[in-house]
Amino acid sequence: MIIQINMDFNSDEALYIQLCNEIIRGIALEQIHEGDVLPSVRQLAEVIGINMHTVNKAYTVLKQEGFIKLDRRRGAIISLDVDKYQAIQELRENLNVVLTRALCKNVTREETHQLVDEIFDRYMPGAGGEDR
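Since this is a predicted model, take the numbers as computed values, not measurements.

Asks: Help me understand the nonpolar core, please; the structure alone is not making it clear to me.
Replies: General note: in soluble globular proteins, nonpolar side chains tend to be found buried as a group. Counting residues in each nonpolar core, the largest one holds 21 residues, and the members touching the most others are Ile5, Leu19, Ile23, Leu38 and Tyr59. Take this core: its biggest share by element is five residues, from helix 3 (residues 52-64). Look past the residues within four positions of isoleucine 5 in its chain and what remains in contact with it is Leu19, Glu22, Ile23, Leu44 and Ile48.

Written as structure tokens, this is what we have:
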């Protein structure tokens with residue numbers, strides 16, 4: 001399977017986190033689907049130009065977060081462990097931090113809603129306007 005991974009080697013964000021985020025983004029954009037097999041740790045490390053341990057750490061985090069399962073024979077497989085309640089709780093925790101930071105910078109409720117709608121529409125085209 002060929003997936004597009006964009007890494008920013010100048011970013012302060014750890015490479016394994018960037019890799020996790022790129023794979024999750026691929027799932028959200030339906031570039032990667034349930035049951036798809038990701039490249040082996042060695043293959044992906046070689047393609048991206050990063051250490052195998054970095055890819056292994058990303059795969060471990062993705063497994064812990066319920067995005068993939070690891071199979072000894074097939075490797076890393078997209079397997080979404082859907083727990084909506086837990087996902088909402090995690091979203092709440094993450095948004096709490098992000099929103100308090102935004103409030104300190106005088107970002108308004110309207111600006112926040114507009115930004116959330118823009119991001120949501122990027123991943124779910126056509127889903128944003130029907131309910132308003």
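Asks: Is there a simple way to explain the environment of alanine 45 in this structure?
Replies: Following the sequence through the fold, alanine 45 ends up in helix 2 (residues 41-48). In this structure, the C-alpha to C-alpha distance between alanine 45 and valine 55, residues 10 residues apart in sequence, is 6.2 Å. Alanine 45 has contacts with Ile50, Asn51, Met52 and Val55, leaving out every residue within four places of it along the chain.

Asks: I'm lost on helix 1 (residues 15-28) in this one. Help?
Replies: It helps to recall that an α-helix has 3.6 residues per turn; residues three or four apart then point in one direction. Taking 1.5 Å of rise per residue, 14 residues should cover 20 Å, and helix 1 covers 20 Å from first to last C-alpha, within 8% of that figure. Buried residues of helix 1: Gln18, Leu19, Cys20, Glu22, Ile23, Gly26 and Ile27, and no others. Contacts from the buried residues of helix 1 go to helix 2, helix 3 and strand 2 (75-78).

Analysis parameters
The written sequence of each chain sets the order in which its residues are numbered from 1. Reporting in this predicted model follows two pLDDT cut-offs: at least 70 for local features of residues, and 80 or more for side-chain atom pairs to be given and counted; totals over whole chains, interfaces and linings ignore these cut-offs and use all residues. As a rule here, side-chain values come from all non-hydrogen atoms in the structure, and water together with hydrogens is ignored. Here, nonpolar core refers to any group of buried Ala, Val, Leu, Ile, Met, Phe, Trp, Tyr and Cys residues whose side-chain atoms link them within 4.5 Å. When accessible area is computed with a 1.4 Å probe and restricted to protein chains, residues below 20% of their type maximum are described as buried, those above 50% as exposed, and intermediate ones as partly exposed. Put simply, DSSP marks the helices as runs of H or I at least four residues long and the strands as runs of E at least two long, and each gets a number from the N terminus on. Between two residues, a contact is recorded if the distance between any of their heavy atoms is within 4.5 Å. One less than the number of residues in a helix, times 1.5 Å, gives the span that helix is expected to have.

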